[in-house]
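Single-letter residue listing:
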Amino acid sequence: MLSKTVMIHGAKIHYLEVGKSQNFPILLLHGASFQAETWQEIGVLEALDKAGYYAIAVDLPSHGKSQSLSGFENSFLLSLIDSLNLKDPIVVSPSMSGRYSLPLVTKYPEKLGGFVAVAPVGITRFKAKLTGIEIPTLAIWGSNDRTVPVSLAEELVKAMPKAQKVILNNAGHACYLRATKPFIEYLLGFIEKNHQKM
């Protein structure tokens, strides 16, 4: 596991990295109460590394060890992907990080190999723009999510032709904390399935 930084729009952005950079890339974002290290703590980075992927968990601006950066929510991830030379990464986006991932998914779907929507915020706002976007998508929600209702998972699946939905029982908004093992299994299954098609 390496701890690195990259300059994005003049701000120093911190990220954790596992695996070899020539392997298929997975980009992990995080929710408002979390940071890159969350994915290390619950074993997701280790699981991706063991499966032979190149995984990057980024501290979003003003979170974790990253500097603050305002006004670049729509272009931040595009700049990050270009700066790190990530080719068609699968982006894993929980909760608050939807503010960064949904602009990317709707404007530059060709830059992505897949999208794992972990109850991201902003689905209602971006719903019209998401309609018809054909990148492979996994919508994964906790059954007890009181922050972003499970009904929005259904809306996402209806809007995006290549989307599938998974509901983790007895898990809340941060479903990967309560149901870590099934979360990792679904994540790896989705990546494997869509990585082979590329």
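Residues numbered from 1 in each chain as written. Predicted model: local features only at pLDDT ≥ 70, side-chain atom pairs only at ≥ 80, totals over all residues. Heavy atoms only, no water.

Caption draft 1: Structural view of the nonpolar core. Core analysis: the largest hydrophobic core is formed by 43 residues, its most contacted members being Leu-27, Phe-76, Leu-80 and Met-160. In terms of residues, this core owes the most to one element, helix α3 (residues 76-83), which gives five residues. Excluding residues within four positions of it along the chain, Met-160 makes contact with Val-105, Leu-130, Ile-133, Ile-135 and Thr-137. Counting 33 residues, the second largest nonpolar core, distinct from the first, contains Phe-24, Ala-36, Leu-187 and Phe-190. (Core = buried A, V, L, I, M, F, W, Y, C linked by side-chain atoms within 4.5 Å. Buried < 20%, exposed > 50% of the residue type's maximum accessible area, 1.4 Å probe, protein only. Helix = DSSP H or I, 4+ residues; strand = E, 2+ residues; numbered from the N terminus. Contact = heavy atoms within 4.5 Å.)

Caption draft 2: Layout of the pattern of salt bridges. Counted by the stated rule, this structure contains eight salt bridges. Across the salt bridge formed by Glu-73 and Arg-99, the nearest N and O atoms sit 2.9 Å from each other. Taken together, the residues span a long stretch of sequence, with Glu-73 in the loop between β4 (54-58) and α3 and Arg-99 in helix α4 (residues 98-107) at a distance of 26 residues. Asp-88 serves as the salt-bridge partner of Lys-87, at 3.5 Å between the closest nitrogen and oxygen. (Salt bridge = Lys/Arg side-chain N within 4 Å of Asp/Glu carboxyl O.)

Caption draft 3: Just the packing of helix α5 (residues 123-130) against helix α6 (residues 151-159), in detail. Packing of α5 against α6 leaves a shortest axis separation of 9 Å and a crossing angle of 10 degrees. Taken together, α5 and α6 sit at an angle that is classed as roughly parallel. Along this stretch, α5 crosses α6, giving a crossing that reads as left-handed. Residues Ile-123, Thr-124, Lys-127 and Leu-130 of α5 pack against Leu-152, Glu-155, Leu-156 and Ala-159 of α6. (Axes fitted to C-alpha atoms, helices over the stretch in contact; angles between N-to-C directions. Parallel < 35°, antiparallel > 145°, perpendicular 65-115°, else oblique. Left-handed = near helix turned anticlockwise from the far one by under 90°.)

Caption draft 4: Highlighting the side chain of Glu-17. Among the secondary structure elements, Glu-17 is positioned in strand β2 (residues 11-18). Within polar-contact distance, the side chain of Glu-17 engages the side chain of Tyr-54 at 2.7 Å. Look past the residues within four positions of Glu-17 in its chain and what remains in contact with it is Met-1, Leu-2, Lys-4, Tyr-54, Ala-55 and Ile-56. (Polar contact = N/O pair within 3.5 Å; in protein donor to acceptor, adjacent residues only side chain to side chain.)

Caption draft 5: Structural view of the side chain of Ser-93. Positionally, Ser-93 belongs in strand β5 (residues 90-94). Polar contacts involving the side chain of Ser-93 include one to the side chain of Ser-97, which spans 2.7 Å. A polar side-chain atom of Ser-93 sits 2.7 Å from a polar atom in the side chain of Ser-101. Residue contacts for Ser-93: discarding those within four places in its chain leaves Leu-29, Gly-98, Ser-101, Phe-115, Val-116, Ala-117, Val-118 and Pro-120.

Caption draft 6: Spotlight on the packing of α3 against α4. One way to put it is that α3 packs onto α4 with a least axis distance of 8 Å and a crossing angle of 75 degrees. Compared by their axis directions, α3 and α4 come out roughly perpendicular. Between α3 and α4, the contacting residues are Phe-76, Leu-77, Leu-78 and Ile-81 on the first element and Tyr-100, Ser-101 and Leu-104 on the second. Here the residues of the contact of α3 with α4 sort into six nonpolar, one polar and no charged. (Nonpolar A, V, L, I, M, F, W, Y, C, P; charged D, E, K, R; others polar.)

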